[in-house]
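Residue strings, one per chain:
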Amino acid sequence: MIRFYNTLSGKVEPFVPLEPGIVKLYTCGPTVYDFSHIGNWRAYVFEDLLKRFLLFSGIKVSHVMNITDVDDKTINGAHAKGISLEEYTRPFIEAFEKDRDTLGILPADHYPRATGHIREMVDIIKLLLEKGFAYRKDGSIYFAIDKFPAYGRLAKIHLEDLRPGSRGDADEYEKENVHDFALWKAPKEGEPVWETEIGPGRPGWHVECSAMSSKYLGRTFDIHCGGVDNIFPHHENEIAQSEAANGVKFVNYWLHCHHLVVDGEKMAKSKGNFYTLRDVLDRGYDPREVRFLLLSTHYRKMLNFTFDALEQARAGRNRIRDFSFDLRDVKRDGPANPEVTQLIETARAGLIAGLEDDLNISESLAALFGLIKSANRLLAQGSASRADAGNLADFVAMIDENILGINPTDVPLRVDPAKMRSTVSDVAIKVESSGDLDLEIQKRIDARQKARAEKNFKMADEIRKELLDSGILLEDTKDGVRWKKVGPART
Ligand SMILES: [Zn+2]
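Only a predicted model underlies this, so the values are computations on that prediction, with no experimental measurement involved.

A.B. asks: Explain the overall build of the chain to me, please; I cannot follow it from the model alone.
C.D. replies: Of the regular secondary structure elements, the chain holds 16 helices and 17 strands. Counting every position in the chain, which comprises 491 residues, the buried fraction comes to 41%. Here the contacts in the chain between residues at least 6 apart in sequence split such that 72% fall between residues at least 24 apart.

A.B. asks: Just to check I follow, could you spell out the pairing of strand β11 (residues 221-227) for this structure?
C.D. replies: The two faces of the sheet receive side chains in turn, since in a regular strand these alternate between them. Burial runs high along β11: 7 of the 7 residues are buried. Pairing analysis gives 3 bridges linking strand β3 (residues 22-27) to β11, with the strands arranged parallel. Bridging from a neighbouring strand, tyrosine 26 pairs with histidine 224 of β11. In this sheet, strand β12 (residues 251-257) lies alongside β11 in parallel orientation, the contact comprising 6 bridges. Counterpart to glycine 226 in the pairing with β12 is histidine 256. Each parallel crossover has a hand, and for β11 linked through helix α6 (residues 231-246) to β12 it is right-handed.

A.B. asks: Sorry, what's going on with the sheet that holds strand β14 (residues 265-266) here?
C.D. replies: Strand pairing in a sheet relies on backbone hydrogen bonds, with the paired strands running either antiparallel or parallel. Spatial strand order, β14-β13-β15: 3 strands in an open sheet with mixed pairing. Where the open sheet ends on each side, the last strands, each with one partner, are β14 and β15 (303-305). Two strands pair when backbone bridges link them, and strand β13 (residues 260-262) and β15 are joined in this way by 3 bridges, in the parallel orientation. Within the sheet, the bridge partner assigned to valine 262 lies in β15 and is phenylalanine 305.

A.B. asks: Sorry if this is basic, but what is going on with unusual backbone geometry here?
C.D. replies: Most peptide bonds take the trans configuration, and most residues that are not glycine carry a negative phi. Residue phenylalanine 232 is joined to proline 233 through a cis peptide bond whose omega torsion reads 0°. Among the secondary structure elements, proline 233 is positioned in helix α6. Look at lysine 156: it is not a glycine, yet its phi comes out positive at around 55°. Along the chain, lysine 156 turns up in the loop between β6 (140-143) and β7 (167-168).

A.B. asks: What am I meant to see in the nonpolar core here?
C.D. replies: Across soluble globular proteins, nonpolar side chains show a tendency to be buried alongside one another. Within the largest apolar cluster, 104 residues are counted, with the highest numbers of intra-cluster contacts made by Val45, Ile125, Leu128, Phe143 and Leu183. Ranked by residue count, the leading element in this core is helix α1 (residues 38-56), at 10 residues. Here phenylalanine 143 is in contact with Leu128, Phe133, Ala134, Asp180, Phe181, Leu183, Asn237, Ala240 and Gln241, once residues within four sequence places are set aside. Core analysis: the second largest hydrophobic core is formed by 5 residues, Val70, Ile75, Ala78 and Tyr88 among them.

A.B. asks: Is there a simple way to think about helix α10 (residues 338-356) in this case?
C.D. replies: Since there are 3.6 residues in each turn of an α-helix, residues three or four apart along the chain are aligned in direction. The end-to-end C-alpha distance of α10, which contains 19 residues, comes to 27 Å, matching closely the 27 Å that a straight helix rising 1.5 Å per residue would cover. When α10 is considered as a whole, its buried residues turn out to be Val340, Leu343, Ala347, Leu351, Gly354 and Leu355. Projected down its long axis, α10 shows its buried positions confined to an angular sector of 95°, all on one face. Along α10, the residues that are exposed and aim more than 90 degrees away from the buried face are Pro338, Gln342, Glu345 and Ala349. The inward-facing, buried residues of α10 contact α1, α11 (361-380) and α12 (386-404). Following α10 by one or two positions, aspartate 358 has its phi on the positive side, about 55°.

A.B. asks: Would you explain the environment of isoleucine 472 in this entry?
C.D. replies: Residue placement: isoleucine 472 occurs in strand β16 (residues 472-477). C-beta crowding within 10 Å serves as the criterion here: with 23 such atoms nearby, isoleucine 472 is assigned to the buried category. Between the alpha carbons of isoleucine 472 and isoleucine 441 there is a distance of 8.3 Å; along the sequence they are 31 residues apart.

A.B. asks: Is there a simple way to explain the environment of alanine 155 in this structure?
C.D. replies: Among the structural elements, alanine 155 can be located in the loop between β6 and β7. Look at alanine 155 and you get partly exposed, because 17 C-beta atoms sit within 10 Å. The spatial distance from the C-alpha of alanine 155 to the C-alpha of asparagine 230 is 9.7 Å, given a sequence separation of 75 residues. Each residue touching alanine 155, except ones within four places of it in the same chain, is listed here: Lys175, Ile231, Phe232 and Glu236.

A.B. asks: How should I be thinking about the packing of helix α8 (residues 287-295) against helix α9 (residues 307-326) in this particular structure?
C.D. replies: Each pair of packed helices can be summarised by the angle the axes make with each other and by the distance between the axes. Closest axis-to-axis distance for the α8/α9 pair is 8 Å, and the angle between their directions is 105°. Between α8 and α9, the angle falls in the class roughly perpendicular. Of the residues in α9, those touching α8 at Arg288, Glu289, Val290, Phe292 and Leu293 are Ala309, Leu310, Ala313, Arg314, Gly316 and Arg317. Broken down by class, the residue content of the contact of α8 with α9 amounts to 6 nonpolar, 1 polar and 4 charged.

A.B. asks: Got a minute to help me understand the confidence of the model for the chain in this structure?
C.D. replies: As a note on interpretation, predicted positions should not be read in detail where pLDDT is low. On average, residues of the chain score 89 in pLDDT, and 89% of them reach the 70 mark or higher. The model gives residues 487-491 a pLDDT under 50, and that stretch makes 20 contacts with residues more than four places away or in other chains.

A.B. asks: I'm lost on the sheet that holds β3 in this one. Help?
C.D. replies: If you trace the 4 strands from one edge of the open sheet to the other, you get β4-β3-β11-β12, paired in parallel fashion. Sheet topology places β4 (60-65) and β12 at the edges, where each strand pairs with a single neighbour. Strand-to-strand twist in this sheet, taken as the mean axis angle between neighbours without regard to direction, amounts to 25°.

A.B. asks: I keep staring at helix α3 (residues 85-102) and nothing clicks. Help me out?
C.D. replies: Between its first and last C-alpha atoms α3 spans 26 Å; for 18 residues at 1.5 Å apiece the expected length is 26 Å, and the two agree. Among the residues of α3, Tyr88, Thr89, Phe92, Phe96, Asp99, Arg100 and Thr102 are the ones counted as buried. Looking at the buried side of α3, the elements it contacts are α1, α2 (72-81), α7 (277-281) and α8. Directly after α3, the chain includes glycine 104, whose backbone phi takes a positive value near 70°.

A.B. asks: How should I be thinking about the environment of phenylalanine 56 in this particular structure?
C.D. replies: Within the secondary structure layout, phenylalanine 56 lies in helix α1. Residue class for phenylalanine 56 comes out partly exposed when judged on the 16 C-beta atoms lying within 10 Å of it. The sequence separation of phenylalanine 56 and isoleucine 399 amounts to 343 residues, and the corresponding C-alpha distance is 9.3 Å. When near neighbours in sequence (up to four residues on either side) are disregarded, phenylalanine 56 contacts Asn402 and Ile403.

Calculation rules
- Residues numbered from 1 in each chain as written.
- Predicted model: local features only at pLDDT ≥ 70, side-chain atom pairs only at ≥ 80, totals over all residues.
- Helix = DSSP H or I, 4+ residues; strand = E, 2+ residues; numbered from the N terminus.
- Buried ≥ 20, exposed ≤ 12 C-beta atoms within 10 Å, placed from the backbone.
- Contact = placed C-beta atoms within 7 Å.
- Pairing = 2+ DSSP bridges.
- Right-handed = clockwise from strand over helix to strand, strands pointing away.
- Core = buried A, V, L, I, M, F, W, Y, C linked by C-beta atoms within 7 Å.
- Expected span 1.5 Å × (residues − 1).
- Arc of directions from axis to C-beta.
- Axes fitted to C-alpha atoms, helices over the stretch in contact; angles between N-to-C directions.
- Parallel < 35°, antiparallel > 145°, perpendicular 65-115°, else oblique.
- Nonpolar A, V, L, I, M, F, W, Y, C, P; charged D, E, K, R; others polar.
- pLDDT = per-residue confidence, 0-100.

As structure tokens, then:
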């Protein structure tokens, strides 16, 4: 049974989706005023692990991530450069998409942009005005938090801390300054203005997530994620807006990822400890090493990013890679050793049990590394056959493609996916020639490369397994795909 810690209840709860077999997931996306930093990427990698695990469990996931392209920060950035909001945010949106692919994060089904959903936001604000949850003041429209008694439930703010009647226009503020927040901001010199039914102006930050989540996922959906810094005021305000407007529960499970600190300190440009993904990769790290580091600390624990920790992540990934490579050297014929089969089953059970327990990745990785340790012992003793090696390689590759995404034996993915597509047939090279089967195998390898380039990892995995079942082991190297005969994997 899958269980998650729900910020709303403050407890670990069994996870039951609204509709069996389908999960509707909303994750707060980037505010595109700058490159996303590694703290942002930690949250996105956590969300990717969550999504991959749900998919792995046979659950369909409908995933929406918003792009905030109008708020205080983007407006200030565009204004400072004297260019339009669209011109200012476009390169940061493109960088986000590129970095996401570089880190092996599965794309969401929708990336709605705030500027493309002004109408939907206006509709919610209209409803809130009609129902008496919102009021006008000096051309702006505010949400009256004292009209919504459940306000503060997510962030655990006590009612006596509320200061009804005080107002603020800033998109972000601290718990100590809890106040009525702006849904719609009056026109201001140097800011973009939309002419709408509720008057001219521009939206506040929080209303976009209420509008876009309900548009794509419905008024009530299963899981909403973000970083802990989103809990207040952003997610608290989303709940207030959505539930007041729609009269139904907004979200069943709230999952929040803890902060990332650098050398034990909060990241800040002024401290010189502020890193974007690009900054880290420029130091010569493989993006999958970064992914492994971000992934391998439980999402509800503070992650202390250091270059030592990154070296450890590199070593951990290398252990998986070395193991996968060593399996190719197993030459002994013979049936599968039941001990190896048992090791794989134990590892599979441990891995799943860990993830089912509120995504306890430490337990899952312990199961995987335990398998590698025990299997290495059997390999050293010569107690494993080629069939065992095939089964082990199969298992590790399956776990990687489905859950970890650290690509231990693959080409570094620091390439543009569009470029990858155009060179698909060039990268599949053959190094062993053995008879008439070659052409057929090559065709399957090409089909797998094509599936991978199209991010159809399920099909790519199926082709790899199918080849392995007929005794062909694929190795992804930096020079392309190689294959060799290892004998049938299953006897
Ligand atoms: Zn949001």
